[in-house]
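Spelled out from the first residue to the last, the chains are:
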Amino acid sequence: MPFQLTCPGCGAIHAVDEQYVGKMGKCNKCGTKRRGKGDTHQS
Ligand SMILES: [Zn+2]
């Protein structure tokens, strides 16, 4: 079951497979680097 992650850069919602949670990835919209789980930073 994929996780839903919010891009910190543009707020886009990404569905990330469980196997990729915790790994670095790039937003396909704005290119902001994001992490899977662990990025619970909210502003
Ligand atoms: Zn983005």
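Residues numbered from 1 in each chain as written. Predicted model: local features only at pLDDT ≥ 70, side-chain atom pairs only at ≥ 80, totals over all residues.

Participant: Help me out: how do you make sense of the overall build of the chain in this one?
Facilitator: Of the regular secondary structure elements, the chain holds zero helices and four strands. Its helices and strands taken in sequence order, the chain reads β-β-β-β from the N to the C terminus. The buried share of the chain, reckoned over its 43 residues, is 5%. Intrachain contacts of the chain at a sequence separation of at least 6 include 16% that bridge at least 24 residues. (Helix = DSSP H or I, 4+ residues; strand = E, 2+ residues; numbered from the N terminus. Buried ≥ 20, exposed ≤ 12 C-beta atoms within 10 Å, placed from the backbone. Contact = placed C-beta atoms within 7 Å.)

Participant: I'm lost on the environment of Asp-17 in this one. Help?
Facilitator: Relative to the elements of secondary structure, Asp-17 occurs in the loop between strand E2 (13-16) and strand E3 (24-26). Residue Asp-17 is classed as exposed on the basis of its C-beta count, with 10 C-beta atoms lying within 10 Å. C-alpha of Asp-17 to C-alpha of Gln-4: the two residues are 13 residues apart in sequence and 8.8 Å apart in space.

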